[in-house]
Amino acid sequence: MQLADVERLVGVPYCADTLDCADFVVLVQRELFGRDVVLPDNRPRGARGQVALGELSRPYGHRTEEPADGDLVVMFEGGRPAHVGVYLFLAHEGWVLHSCEQIGESVCHRVRELPDWGAPIEGFYKWV
């Protein structure tokens with residue numbers, strides 16, 4: 001993966017009703033990897049949706065200890081799996097591209113920095 005491919009997806013506005021972190025993962029999968037990921041129509045959104053994301057994400061992938069570009073990343077928020085992003089290997093290290101409610105837009109964080117942002121990784125998942 002090249003940084004130039006990712007840059008156009010950094011700064012996309014977050015919206016709890018129309019483009020939360022799960023919607024953003026779907027967008028990234030389509031735009032960068034050509035994957036058609038479909039989420040349940042009736043999934044909860046906003047704060048309630050974030051709590052459900054950990055469980056909703058599990059059927060979409062198989063856990064891996066060696067993530068690759070495009071893999072699903074499930075992160076903890078408030079002590080429970082409640083946030084998702086996309087793994088990328090850029091500049092010789094792991095990064096996570098995700099839509100961040102606190103910042104108000106999509107961002108790319110180094111994997112090693114996520115605990116400092118309050119979002120330690122629960123696991124990496126290869127798409128089914």
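Residues numbered from 1 in each chain as written. Predicted model: local features only at pLDDT ≥ 70, side-chain atom pairs only at ≥ 80, totals over all residues. Heavy atoms only, no water.

A.B. asks: Just checking my understanding: could you explain the sheet that holds strand E6 (residues 121-127) for this structure?
C.D. replies: Think of a sheet as strands paired side by side through backbone hydrogen bonds, with each pair either parallel or antiparallel. Read from one edge of the open sheet, 6 strands run E1-E6-E2-E3-E4-E5, paired in antiparallel fashion. Every interior strand has two partners, whereas the edge strands, strand E1 (61-64) and strand E5 (105-110), have only one. Direction aside, the axes of adjacent strands within the sheet are offset by 35° on average. Pairing analysis gives 6 bridges linking strand E2 (residues 72-77) to strand E3 (residues 80-90), with the strands arranged antiparallel. Considered in E3, the bridge of Met 75 is made with His 83. The sheet strands contacting helix H2 (residues 21-33) are E2, E3, strand E4 (93-100), E5 and E6, and the helix crosses E3 at an angle near 25°. (Pairing = 2+ DSSP bridges. Helix = DSSP H or I, 4+ residues; strand = E, 2+ residues; numbered from the N terminus. Axes fitted to C-alpha atoms, helices over the stretch in contact; angles between N-to-C directions. Contact = heavy atoms within 4.5 Å.)

A.B. asks: I'm lost on the pattern of salt bridges in this one. Help?
C.D. replies: Think of it this way: side chains of opposite charge can pair up when their charged atoms draw near. Overall, the coordinates contain 8 salt bridges when judged by the stated rule. For Asp 71, the salt bridge identified is with Lys 126, shortest N-O distance 2.9 Å. In this pair, Asp 71 sits in the loop between E1 and E2 while Lys 126 sits in strand E6, placing the two residues 55 residues apart along the sequence. A salt bridge links Arg 110 to Glu 113, with the nearest nitrogen and oxygen atoms 3.4 Å apart. Classification of Glu 113 by relative accessible area gives partly exposed; the value is 24%. Through salt bridges that share partners, Glu 93, Arg 110, Arg 112 and Glu 113 make up one connected network. (Salt bridge = Lys/Arg side-chain N within 4 Å of Asp/Glu carboxyl O. Buried < 20%, exposed > 50% of the residue type's maximum accessible area, 1.4 Å probe, protein only.)

A.B. asks: In this structure, what is going on with the pairing of E6? I would like to understand it.
C.D. replies: Moving residue by residue along a regular strand, the side chains alternate between the two faces of the sheet. Of all 7 residues that make up E6, 5 are buried, and the element is covered over most of its length. Relative to E6, E1 runs antiparallel, the two sharing 4 bridges. Each residue of the ladder has a partner; that of Arg 63, found in E6, is Tyr 125. Pairing of E2 with E6, which is carried by 4 bridges, proceeds in the antiparallel orientation. Bridged to Met 75 within E6 is Ile 121.

A.B. asks: Looking at this structure, how should I read the confidence of the model for the protein chain?
C.D. replies: When pLDDT is low, close inspection of the predicted coordinates is not appropriate. Averaged over all residues, the pLDDT of the protein chain is 88; the fraction at 70 or higher stands at 90%. Here helix H3 (residues 46-57) is the element of the protein chain with the lowest mean pLDDT, 61, and E5 is the one with the highest, 97. (pLDDT = per-residue confidence, 0-100.)

A.B. asks: I tried to follow the environment of Lys 126 on my own but got confused; where do I start?
C.D. replies: Of the residues examined, Lys 126 reaches a relative accessible area of 30% and is grouped as partly exposed. Sequence-distant contacts of Lys 126, that is, excluding residues within four places in its chain, are made with Tyr 60, Gly 61, His 62, Thr 64, Glu 66, Pro 67, Ala 68 and Asp 71.

A.B. asks: Which parts of the structure should I look at to understand the pairing of E4?
C.D. replies: Burial within E4 is extensive, with 8 of its 8 residues counted as buried. One ladder, built from 6 bridges, connects E4 with E5; its direction is antiparallel. Opposite Ser 99, over in E5, you have Ser 106 as the bridge partner. Here E4 folds back onto E5, and the loop between the two strands holds 4 residues, one of which, Gly 104, carries a positive phi near 90°.

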